[in-house]
Amino acid sequence: AAALLFLSWFWQQRGRFAYADAAGCLACALEFAVAALFAVLLLYRRRVSWSPTGILRLIAFALIAFIPQTAHNWLAFGNPFRMGYSLRAHLPSKE
């Protein structure tokens, strides 16, 4: 995820916003905590990249990047938005 976030920054600095969006969305799909850092990268962009097509492209990349994660959650846990963290074992208390 860190390497993809670095690639997102690298391509953003060179004006390659489509590549930057794809790498950033993949980084967020791999590690959710990276989304805050990717949001900071998005906020520091030039206004040229904030066209309606650029925003739609970012949304499309995000949807495509999260398809494998939601499919896995649906198959494994019965709900595409349920994470495995909520299914940890609850041990009885020793009272």
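Scroll up to find the structure this text is about.
Rules of the game
- Residues numbered from 1 in each chain as written.
- Predicted model: local features only at pLDDT ≥ 70, side-chain atom pairs only at ≥ 80, totals over all residues.
- Heavy atoms only, no water.
- Phe/Tyr/Trp six-rings, centres within 6.5 Å; stacked < 30°, edge-to-face > 60°.
- Axes fitted to C-alpha atoms, helices over the stretch in contact; angles between N-to-C directions.
- Helix = DSSP H or I, 4+ residues; strand = E, 2+ residues; numbered from the N terminus.
- Parallel < 35°, antiparallel > 145°, perpendicular 65-115°, else oblique.
- Left-handed = near helix turned anticlockwise from the far one by under 90°.
- Contact = heavy atoms within 4.5 Å.
- Nonpolar A, V, L, I, M, F, W, Y, C, P; charged D, E, K, R; others polar.
- Polar contact = N/O pair within 3.5 Å; in protein donor to acceptor, adjacent residues only side chain to side chain.

(A) Structural detail: the packing of aromatic side chains. The tally for this structure, following the rule as stated, stands at four aromatic pairs. A connected cluster of aromatic rings, assembled from ring pairs, spans F6, W9 and F10.

(B) Inspection of the packing of helix α2 (residues 17-30) against helix α3 (residues 34-43) at higher detail. In the contact formed by α2 and α3, the axes pass within 8 Å of each other and the chain directions differ by 160°. By the angle between their directions, the pair α2 and α3 is classed as roughly antiparallel. The two elements α2 and α3 cross, and the hand of that crossing is left-handed. Where α2 approaches α3, its residues A20, D21, G24, C25, A27 and C28 are matched on the opposing element by V34, A35, F38 and L42. The class makeup of the residues in the contact of α2 with α3 is eight nonpolar, one polar and one charged.

(C) How the structure looks around the side chain of Q12. Checked against the element boundaries, Q12 lands in helix α1 (residues 2-13). Within polar-contact distance, the side chain of Q12 engages the backbone oxygen of L41 at 2.8 Å. Apart from the residues within four sequence positions on either side, Q12 is in contact with F17, A20, L41, Y44 and R45.

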